[in-house]
Amino acid sequence: MSQELLLDYYLKRLKLPTVRRLYKELARDAAEHNKTFEEYLQALMEQEVIHREDNQLQRRLKAAGFPVPKTLESFDFTVMPSVNKAKILALSKSEYIRDRENILLVGNSGTGKTHLATALGIAACRQGYRVRFWRVGQFVAELQEAQNEHRLSRLEKQWLRFDLVVLDELGYVSLSRPASELLFHFVAARYERGSLIITTNLEFSEWPQVFGDQKMTAALADRVTHKAHIIEMNGESYRFRETLRRQEALKHHPETP
């Protein structure tokens, strides 16, 4: 077997696809620029590490289940001046996950709560954390299905493996008593064991409208607000403002036939 074929075989066995793809190109570059062997090897290993980290990030993002990717860079803080930009940027470093703290984004519809929750979740993925995004209605349906199929304990183990869970749109749909009890159990299970980001259009005093039980709601609110960062986002609809802005832009720059 020739040296090239043998090297190709070893790189396949060692699962170094980027090294296998780039070693000739980087070797030519090293020779042209009179680089040392150590510099060549470092450049080669660096590309392998970058490729692997990017693959791992893509797997984490896919596993997280974000419906639409969002970033902090695309959030217009000027539209929602009540939101402390410096606070949000500090939270994007994800130290709250290390400290097992929660984030509650509270405000009326259309103010960008889901945008910020998703952006913070993606930032956590980029820092190596395992994240899962659920809309509350979707998650409750999954809980009920798991209960019917006798696999709630398996789902709970999965739920606790995530470093961060995002529950979006709490309060948009009223829950039956069995559904609210399931949600309470799972949220309570994460208490001081993992972080939550919850978006809701309801003030805490209105949560009993969703859960239907004053005592259970109080216990739930007590758990999720302990060691929590509460971000109030009441104001004019972010989406409505964006729609008006697009319409205004079309008036000034109409499409030509």
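Residues numbered from 1 in each chain as written. Predicted model: local features only at pLDDT ≥ 70, side-chain atom pairs only at ≥ 80, totals over all residues. Heavy atoms only, no water.

A closer look at the environment of Val68
Along the chain, the position of Val68 falls in the loop between helix H3 (37-64) and helix H4 (85-91). Look at Val68 and you get partly exposed, because its relative accessible area is 46%. Each C-alpha atom of the pair Val68 and Leu182 lies 27 Å from the other, and the pair is 114 residues apart in sequence. (Helix = DSSP H or I, 4+ residues; strand = E, 2+ residues; numbered from the N terminus. Buried < 20%, exposed > 50% of the residue type's maximum accessible area, 1.4 Å probe, protein only.)

Some details on the pairing of strand S1 (residues 102-106)
Across the five residues of S1, five count as buried, placing the element largely inside the fold. Pairing of S1 with strand S5 (residues 228-232), which is carried by five bridges, proceeds in the parallel orientation. Note on S5: the bridge partner recorded for Leu105 is Ile231. Pairing geometry for S1 and strand S4 (residues 195-200), over four bridges, is parallel. Bridge pairing links Ile103 to Ile197 in S4. (Pairing = 2+ DSSP bridges.)

Let's talk about helix H8 (residues 152-161)
Those residues of H8 lying buried are Leu155, Glu156 and Trp159. For H8, the angular spread of buried residues about the axis comes to 100°, placing them on one side. With respect to the buried face of H8, the exposed residues turned more than 90 degrees away are Ser153, Arg154 and Lys157. (Arc of directions from axis to C-beta.)

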